[in-house]
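Fold and contact review
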Amino acid sequence: MAEALQGHPGSLPVPRSCCHARGAARGRAELPACRMTLTTTTTTSVAQAFFCLLLCIPWGSSCPPSCRCTERAGAKAVLCSSQHLQEIPKDIPRDAVLLKLDANSITRIPSNAFRHLPRLQEIDLSGNAIEHIDRAAFRGVAAGLRSLDLSGNRIRSIPKEALLALRAKLRLANNPWHCGCALQELLGEARLDPDSVRDITCHTAPRHEFVGKPLLQALDSGASLCSVPQRSTDVAMLLAMFAWFAMLAAYVVCYVRHNRERSRGHREHPRALPGTRGRAETSSTAL
């Protein structure tokens, strides 16, 4: 601050060194706020100079502690590969264009995970342990995103709402996919990277013959994964209706039998009464 206190009494020119970002070259343009000269009392000037210094610090360009930030052709790249991260960092610079989070231990992509990164064009999340992706995981970056790599995770299914709004090319290979109707509909509308389509393999499926086979092979054979749940539902409904009719028939049979036994008992009871009365009269006469 010694340089800042030199000059005319009552005036405090702000040091020119504060106007350069850390690590930046001297030839870069200075911020307008750093060229002003503060004319007031010494105490107020010091406070204003400190405020100016805060303005000059590039807070929005800070890099997460576990990452390395570089610039490639004027575009900022945030490299966080192989850092044992368990969640997506929240302090990623807003001007990031490329974000590499591959080879970590991330298990979930929450809603609005990248909403504060309007310039993001490429996300690499391959080689993690992702199992769950929220419906609004990529809200805010859908329009600008060009590439999304989710290969090599533990994804079994993805909500359609999470990916259908994206214009990015998707890499979804090497995941334990459940090959059902939802996945077929998703892949029919999403933009898949051609080089990774053949590596989308069915880990589980409603039809046993699809298990362990590439999904593309199953679809090329003319099979429809969406017809299987409908057939199983129809069979379940038929079985339920049959069971209901069987119970109704059994109830009717039991009801008819019960009524027959009751009516037979009523017919036999009056016949027994006269015979009993005759025997009683004979015994009284004999006495």
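Residues numbered from 1 in each chain as written. Predicted model: local features only at pLDDT ≥ 70, side-chain atom pairs only at ≥ 80, totals over all residues. Heavy atoms only, no water.

A few points about the overall build of the protein
Quick reminder of the rule: In this text, helices come from DSSP runs of H or I with a minimum length of four residues, and strands from runs of E with a minimum of two, each type numbered from the N-terminal end. For the area figures, the Shrake-Rupley method with a 1.4 Å probe applies, and any residue is considered shielded solely by the protein chains shown.
Counting its secondary structure elements, the protein contains five helices and twelve strands. Counting every atom, the protein has about 18400 Å² of accessible surface; 55% of that belongs to carbon and sulfur.

Notes on the packing of aromatic side chains
Going by this rule: Note on ring pairs: Phe, Tyr and Trp rings are taken, using the six-membered ring of Trp, and paired if centres are within 6.5 Å. Classes follow the plane angle, with under 30 degrees stacked, over 60 edge-to-face and the rest tilted. Only protein chains enter the calculation, and the probe is 1.4 Å; a residue is then buried if its accessible area is under 20% of its type maximum, exposed if over 50%, and partly exposed in between.
In the structure shown here, the tally under the stated rule is one aromatic pair. Ring centres of Phe114 and Phe138 lie 5.9 Å apart, and the angle between their planes is 5°; this geometry places the pair in the stacked category. Taken together, the residues span a long stretch of sequence, with Phe114 in the loop between strand S6 (108-109) and strand S7 (122-124) and Phe138 in the loop between strand S8 (132-133) and strand S9 (147-149) at a distance of 24 residues. Across the pair, exposure class does not vary: Phe114 and Phe138 are buried alike.

Observations concerning the nonpolar core
How we decide: Throughout this description, the term nonpolar core refers to a set of buried Ala, Val, Leu, Ile, Met, Phe, Trp, Tyr and Cys residues connected via side-chain atoms within 4.5 Å. In this analysis, two residues are considered to be in contact whenever any of their non-hydrogen atoms come within 4.5 Å of each other.
If you look at the biggest cluster of nonpolar residues, it comprises 48 residues, and the most contacted ones within it are Ile109, Phe114, Ile133, Phe138, Leu148, Leu150 and Ile158. Here this core gets three residues from one element, more than from any other, and that element is helix H3 (residues 181-189). Discounting residues that sit within four places of it in the chain, Ile158 has contacts with Ile133, Leu150, Leu163, Leu172, Trp177 and Leu186.

Things to note about the side chain of Asn104
Spelled out, the test is: Under the rule applied, a polar contact is a pair of N or O atoms within 3.5 Å (in protein, one hydrogen donor and one hydrogen acceptor; residues adjacent in sequence only if both atoms are side-chain atoms).
Counting through the fold element by element, Asn104 comes out in the loop between strand S5 (96-100) and S6. By relative accessible area, which is 7% here, Asn104 ends up buried. Here the side chain of Asn104 touches Leu101 through a polar contact of 2.9 Å, landing on its backbone oxygen. Ignoring anything within four residues of it in the chain, the contact list for Asn104 reads Cys80, Ser81, Ser82, Gln83, His84, Leu85, Gly127, Asn128 and Ala129.

As for the sheet that holds S5
Convention followed: Strands were regarded as paired on the criterion that DSSP finds at least two bridges between them. Note on method: axes are straight lines fitted to C-alpha atoms, helices fitted across the in-contact stretch only, with angles between N-to-C directions ranging 0 to 180 degrees.
Taken in spatial order, the six strands line up as S3-S4-S5-S7-S9-S10 in an open sheet, and their pairing is mixed. Bordering the open sheet on either side are strand S3 (68-72) and strand S10 (169-171), each of which pairs with just one other strand. Across the sheet, the axes of successive neighbouring strands diverge by a mean angle of 15°, strand direction being ignored. When S5 meets S7, the two strands line up parallel, connected through three bridges. Looking at S7, one finds that Lys100 is bridged to Asp124.

Quick notes on a positive patch on the surface
The criterion, for reference: Two joining distances apply to patches: 9 Å for like charges and 5 Å for nonpolar side chains (Val, Leu, Ile, Met, Phe, Trp, Tyr), and every residue must have over 30% relative accessible area and no salt bridge. What makes a salt bridge here is a side-chain nitrogen of Lys or Arg within 4 Å of a carboxyl oxygen of Asp or Glu, nothing more. Residues scored as positive are Lys and Arg, those scored as negative are Asp and Glu, and His as well as the terminal groups of each chain are ignored. The atom standing in for a charge is NZ when the residue is Lys, CZ when it is Arg, CG when it is Asp and CD when it is Glu.
A cluster of basic residues, Arg146, Arg167, Lys169 and Arg191, forms a positive patch on the protein surface. By relative accessible area, which is 44% here, Arg191 ends up partly exposed.

Overview of the layout of surface pockets
What counts here: Here a cavity means grid points, on a 1 Å grid over the protein atoms only, where a 1.4 Å probe fits yet cannot get out; a pocket means an open set of points with protein on both sides within 12 Å along at least five of seven lines; lining residues are those with an atom within 4 Å of a point. Grid points are joined across faces, edges and corners, and a volume is the space filled by probe spheres set on the points. Amino acids outside the nonpolar list (Ala, Val, Leu, Ile, Met, Phe, Trp, Tyr, Cys, Pro) and the charged list (Asp, Glu, Lys, Arg) are all regarded as polar, and Gly is one of them.
In this model, the second largest pocket occupies a volume close to 180 Å³. Taken together, Glu87, Ile88, Pro89, Lys90, Arg108, Pro110, Asn112, Ala113 and His116 make up the lining of the second largest pocket. By residue class, the composition of the lining of the second largest pocket is four nonpolar, two polar and three charged.

A look at the confidence of the model for the protein
Convention followed: Here pLDDT means the predictor's own confidence in every residue, given as a number from 0 to 100.
Within the protein, residue pLDDT values average 77, and 68% of them lie at 70 or more. Confidence drops under a pLDDT of 50 for residues 1-43, and excluding neighbours within four residues, the segment shows 46 contacts in the predicted structure. Long-range and interchain partners of residues 49-60, a stretch whose pLDDT sits below 50, account for 19 contacts in this model, where long-range means more than four residues apart.

Thoughts on unusual backbone geometry
Of note, Ala73 is a non-glycine position whose phi angle comes to about 55°, a positive value. Within the secondary structure layout, Ala73 lies in the loop between S3 and strand S4 (75-79). Judged by its relative accessible area of 90%, Ala73 falls in the exposed class. Notably, Ala103 is not glycine yet its phi reads approximately 60°, a positive angle. In this fold, Ala103 is placed in the loop between S5 and S6.

Regarding the state of the cysteines
Counted only if it meets this: Put simply, a disulfide is two cysteine sulfurs that come within 2.5 Å.
One pass over the structure, following the stated rule, counts four disulfides. At a sulfur-sulfur separation of 2.0 Å, the disulfide partner of Cys179 is Cys202. The S-S bond linking Cys179 to Cys202 shows a torsion near -100°; that makes this disulfide left-handed. Here Cys202 lies in strand S12 (residues 202-204) and Cys179 lies in the loop between strand S11 (177-178) and H3, a separation of 23 residues in the sequence. With respect to burial, Cys179 and Cys202 carry one shared label: buried. The disulfide partner of Cys181 is Cys226, and the S-S distance across this bridge is 2.1 Å. Judged by the sign of its S-S torsion, about 90°, the bond between Cys181 and Cys226 is right-handed. With Cys181 in helix H3 and Cys226 in the loop between helix H4 (215-220) and helix H5 (227-286), this pair connects stretches of sequence that are 45 residues apart.

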